[in-house]
Number of protein chains: 4
Amino acid sequence: MTGLRGYSVPRTPGGRASLVPAPPWHYVGDFLVIEYWADPDAVAAVLPAGLEPFAEDPGRAAALFVDWQSCSEGGGELVDPSRSQYKEFFLVVNATMDGEHVTTCPFIWVDRDFALARGWVQGFPKKLGSIWITRTFGADCLADPGLQPGATFGGTCAAYERRLAEGTVTLERVSEHGPTHNDPPLVNVRHFPRLEAGRHDEPAVHELVRARSRDRVASPVWEGSATLELHGAPHEEHTTLAPTRLGRGFRFTFAYTVDDLETVRQL
Amino acid sequence: MTGLRGYSVPRTPGGRASLVPAPPWHYVGDFLVIEYWADPDAVAAVLPAGLEPFAEDPGRAAALFVDWQSCSEGGGELVDPSRSQYKEFFLVVNATMDGEHVTTCPFIWVDRDFALARGWVQGFPKKLGSIWITRTFGADCLADPGLQPGATFGGTCAAYERRLAEGTVTLERVSEHGPTHNDPPLVNVRHFPRLEAGRHDEPAVHELVRARSRDRVASPVWEGSATLELHGAPHEEHTTLAPTRLGRGFRFTFAYTVDDLETVRQL
Amino acid sequence: MTGLRGYSVPRTPGGRASLVPAPPWHYVGDFLVIEYWADPDAVAAVLPAGLEPFAEDPGRAAALFVDWQSCSEGGGELVDPSRSQYKEFFLVVNATMDGEHVTTCPFIWVDRDFALARGWVQGFPKKLGSIWITRTFGADCLADPGLQPGATFGGTCAAYERRLAEGTVTLERVSEHGPTHNDPPLVNVRHFPRLEAGRHDEPAVHELVRARSRDRVASPVWEGSATLELHGAPHEEHTTLAPTRLGRGFRFTFAYTVDDLETVRQL
Amino acid sequence: MTGLRGYSVPRTPGGRASLVPAPPWHYVGDFLVIEYWADPDAVAAVLPAGLEPFAEDPGRAAALFVDWQSCSEGGGELVDPSRSQYKEFFLVVNATMDGEHVTTCPFIWVDRDFALARGWVQGFPKKLGSIWITRTFGADCLADPGLQPGATFGGTCAAYERRLAEGTVTLERVSEHGPTHNDPPLVNVRHFPRLEAGRHDEPAVHELVRARSRDRVASPVWEGSATLELHGAPHEEHTTLAPTRLGRGFRFTFAYTVDDLETVRQL
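Values in this document were obtained by computation on a predicted structure and should not be read as measured data.

**Q** Please give an account of the relation of the copies chain C and chain B that cites residues and values.
**A** Aligned on chain B, chain C shows an RMSD of 0.0 Å; the corresponding rotation is 180° and the shift along the axis is 0.0 Å. Accordingly, the operation relating the two chain copies is best matched by a two-fold axis. Within chain C, Arg162(C) has its C-alpha nearest the rotation axis, a separation of 2.5 Å. Of the residues that chain C buries at the interface, 100% are likewise interface residues in chain B, meaning the two copies contact each other through the same surface.

What follows is the structure in structure tokens.
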């Protein structure tokens with residue numbers, strides 16, 4: 001018998017080496033959310049089986065730049081911060097599942113391996129990228145945009161030597177409601193390939209999953225005008241979801257905890 | 001119905017965005033192999049279910065630093081080389097499976113995301129790291145050790161801000177046989193976690209797999225003396241496999257193609 | 001005649017390509033400051049000509065981890081944040097110059113090229129490294145230590161594949177005075193080598209300089225207990241300044257502007 | 001008096017911590033050279049004082065991708081290869097100096113700090129970037145283009161999250177003569193800024209220098225057809241030198257040693 005332990009590979013006698021430590025995972029992050037609309041056909045084309053286009057507002061989408069800090073139970077990663085901090089950029093599009101309004105994430109880039117693998121486990125189709133997001137330090141000075149009318153926050157995403165996305169949010173006021181394009185429950189696809197010859201098209205894991213979280217905390221939300229550009233690359237397809245119309249931008253801090261995931265159906 | 005295509009996430013309408021392109025995968029790399037012996041109990045402790053200690057030579061192991069270039073069919077990644085090149089460091093230990101002499105890889109670090117995910121698919125427990133390996137350019141000059149007696153090649157591996165391994169091979173002569181510690185068939189564990197509450201200990205994929213490859217090509221092998229040090233970190237356990245005795249070191253170029261994997265048993 | 005413009009190389013017709021844009025430079029950053037004492041002889045040994053040991057408190061030193069955002073006039077870098085954000089770790093030691101109490105920075109690592117070159121211009125002996133610092137997001141949640149008694153902030157620095165420093169500050173209370181070990185005026189050495197044969201020992205620039213800054217803004221300062229470890233590497237000497245005694249740790253936000261430097265003497 | 005030693009900062013008691021070790025510097029590298037012509041006015045506009053346009057063939061330029069390994073005397077960096085390997089991309093343009101045919105380098109990106117600083121000392125206006133170059137391993141396999149007719153080698157350069165250049169060379173045959181656009185003596189500008197208020201326009205070092213090298217060794221040169229694209233960024237100006245006409249491409253290995261530099265004139 002074997003005594004290998006750990007939530008993810010590498011599994012080891014001591015169980016301390018897993019790239020992804022065992023849940024729960026506690027997160028806090030600064031968000032830039034840019035609401036927009038993409039071509040409805042392009043949105044429909046990225047929906048996994050089980051999701052239908054959101055007919056009420058076709059093409060509804062959002063782009064999110066998030067500057068994260070996370071840890072597992074006990075919080076040990078927080079004082080060795082290369083194991084707790086990461087940044088990511090992702091798109092969500094709106095859809096319906098059995099008549100319920102949901103969102104799904106077709107494209108996402110993240111800058112650290114533990115977050116990439118933890119994302120795969122949750123159904124986020126993560127690839128590595130380089131993401132940068134303007135920060136505020138709460139100081140009244142020229143290098144800090146501050147949380148105030150007129151302050152502009154930018155986000156950029158690059159991968160494999162090419163810029164893939166850039167956006168800005170210029171604050172106007174504290175928002176009454178916060179963003180809505182990314183608000184419905186998130187339904188993603190967990191997928192893990194098979195390599196056996198002749199069965200490359202039969203993934204070992206292929207299931208629709210619904211995110212669950214708890215202990216959600218949000219700061220007041222600032223809103224304002226926004227810009228968003230998506231740039232192409234030979235090995236990327238996110239530009240099919242480029243904005244045809246821009247909505248509002250938002251900036252806030254959000255925290256939550258994840259230790260569960262609902263499998264909705266096998267694909 | 002959905003038209004999402006691709007071997008790995010993200011799966012897309014065009015099928016071009018997968019982090020891991022579809023097999024076959026063609027590889028070529030420069031290898032530094034350091035044969036050694038670790039504490040037999042420590043080696044036994046990292047064996048997955050289904051493997052038994054290699055009683056004939058307890059503790060037999062090898063450390064490998066490899067400087068890779070790879071591509072999928074058509075070779076498009078070769079001219080966009082950030083998508084084809086990567087370096088990795090890994091350990092293999094010897095074992096038996098149903099009486100057959102095999103090896104298994106308990107620890108491996110790689111410096112690019114496509115190689116990390118492609119490794120997970122094959123059962124390599126990859127994490128990201130930073131790996132550096134001395135090169136030869138075939139030039140007779142002071143900055144090139146050359147393939148000649150007395151030339152020293154070094155390899156280093158770091159992850160999460162700490163050096164984890166360093167080794168050297170000082171060439172003596174062309175080898176008659178090449179390395180043997182890493183020669184037996186490689187048997188790894190494919191593993192993909194589950195996040196559903198209450199079932200964190202029931203991975204979605206957990207199976208013993210045996211590597212298959214074809215079109216293997218090797219250069220002449222140089223051999224010589226070797227050094228190897230493994231350095232610890234709070235979130236690593238590879239130092240349990242630190243050398244108790246060093247064997248020979250080897251340096252060569254090797255190429256092969258992978259598009260199959262045999263599942264040996266479910267774990 | 002030439003029309004090349006720019007504050008630093010590369011100088012170009014448009015003057016926009018300089019790695020270091022023209023001053024003024026506006027900075028804001030989150031600081032972790034760890035006060036300590038090193039071996040007085042080791043401190044004396046790193047003082048440049050013109051500085052004398054600080055006899056009043058021999059060995060007085062501080063370690064600083066700083067998470068920066070900066071921009072030049074107009075603030076354009078703030079919305080393209082890969083050009084404005086960086087992290088650094090440095091040591092300062094206390095000394096006297098013509099009887100005045102000063103500090104000097106013998107070792108510093110920074111994670112971005114524009115900050116490295118901008119540091120050289122100011123007399124900071126910067127090398128590239130990888131620096132990570134625990135953040136607070138002002139959220140009441142498990143992933144955010146918060147500015148509160150018992151919260152621990154960590155900093156780490158690595159370069160060339162090795163961890164060089166790690167420290168922590170565990171907050172106790174708002175400080176009455178803030179840190180003092182790094183408070184005296186900073187006197188550094190501007191140095192730029194010469195390559196002409198036979199004159200490698202005659203740098204083209206070699207002068208003692210005194211930092212000047214303006215528009216300084218500081219947040220309230222938290223203080224608490226601290227830890228600090230310096231780790232060696234074959235090509236580093238900062239461990240000669242390892243702590244023999246630890247003082248207090250501090251955490252605060254600080255902003256200032258730089259566009260001047262006083263040359264004190266030629267070396 | 002002080003006992004600080006070292007060729008560059010940081011200068012230390014032991015003299016081992018300098019970012020740039022003392023000359024001589026020994027180099028070996030694999031080169032991709034793409035000969036081309038840019039707009040002659042744009043080439044004239046990037047010439048420093050002291051250089052005149054090359055009237056014989058206006059606009060003559062070359063783009064070079066180089067995969068380097070280097071070391072200082074004794075070669076210690078070779079077995080700690082993160083301190084010896086780097087890649088760079090640069091442009092050279094042709095000019096005359098006092099009637100002599102020369103070249104100068106207006107733009108260059110490199111991926112390691114030691115090479116950046118060592119370049120500044122020699123008058124190369126280096127910034128950090130990410131450079132990738134197709135390799136050959138001398139293996140007859142699909143992942144290795146090989147040195148053979150029809151083999152394509154690619155180079156890419158990115159900085160600050162944007163791709164700045166990409167080029168290819170498709171080999172046809174061993175060249176009779178090798179590249180000529182980058183062959184004339186290299187004349188660069190050494191420049192180090194001043195920060196004293198009111199004197200920002202008076203650099204501390206500003207001189208025309210002529211490269212010197214010795215112990216030059218070159219492999220046979222392959223040549224073939226080439227492509228080259230330069231991509232813009234808000235903080236870059238190299239696209240003024242975009243190709244108006246392409247010449248031939250070349251691939252070879254080259255080694256040399258540098259420990260001298262001739263100052264031609266003060267600017």
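So much for the structure itself; the text now carries on.
**Q** Which residues make up the packing of helix H2 (residues 113-122) of chain C against helix H2 (residues 113-122) of chain D, and what values go with them?
**A** Where H2(C) meets H2(D), the axes come as close as 12 Å, and the angle between the chain directions of the two elements is 45°. Judged by the angle between their axes, H2(C) and H2(D) are oblique. Remark: the crossing between H2(C) and H2(D) carries right-handed chirality. Note on element contacts: H2(D) touches H2(C) through Asp113(D), Leu116(D), Ala117(D) and Trp120(D), opposite Asp113(C), Leu116(C), Ala117(C) and Trp120(C). Here the contact of H2(C) with H2(D) is built from residues that sort into six nonpolar, no polar and two charged.

**Q** I'd love a proper account of the sheet that holds strand E10 (residues 187-192) of chain D, names of residues and values included.
**A** Strand pairing in a sheet relies on backbone hydrogen bonds. The paired strands run either parallel or antiparallel. Residue and element names in this part refer to chain D. Here we have three strands laid out as an open sheet, ordered E10-E11-E15, and antiparallel in their pairing. Each end of this open sheet is capped by a strand with a single partner; those strands are E10 and strand E15 (261-266). Sheet twist, expressed as the mean angle between neighbouring strand axes with direction ignored, is 35°.

**Q** Tell me about the interface of chain C and chain B, residues and numbers included.
**A** Each partner contributes to the interface: chain C provides nine residues, whereas chain B provides nine residues. Both faces combined, the contact of chain C with chain B buries some 710 Å², and carbon together with sulfur accounts for 35% of it. A per-residue breakdown of the area chain C buries against chain B is headed by Glu161(C), Arg162(C) and Arg163(C), which together make up 78% of the total. Connecting chain C to chain B are zero salt bridges.

About the thresholds
Residues numbered from 1 in each chain as written. Chains lettered and ligands numbered in written order. Predicted model: local features only at pLDDT ≥ 70, side-chain atom pairs only at ≥ 80, totals over all residues. Heavy atoms only, no water. Least-squares fit on C-alpha atoms with pLDDT ≥ 70 in both. Contact = heavy atoms within 4.5 Å. Axes fitted to C-alpha atoms, helices over the stretch in contact; angles between N-to-C directions. Helix = DSSP H or I, 4+ residues; strand = E, 2+ residues; numbered from the N terminus. Parallel < 35°, antiparallel > 145°, perpendicular 65-115°, else oblique. Left-handed = near helix turned anticlockwise from the far one by under 90°. Nonpolar A, V, L, I, M, F, W, Y, C, P; charged D, E, K, R; others polar. Pairing = 2+ DSSP bridges. Buried area = accessible area lost by both parts, 1.4 Å probe. Salt bridge = Lys/Arg side-chain N within 4 Å of Asp/Glu carboxyl O.

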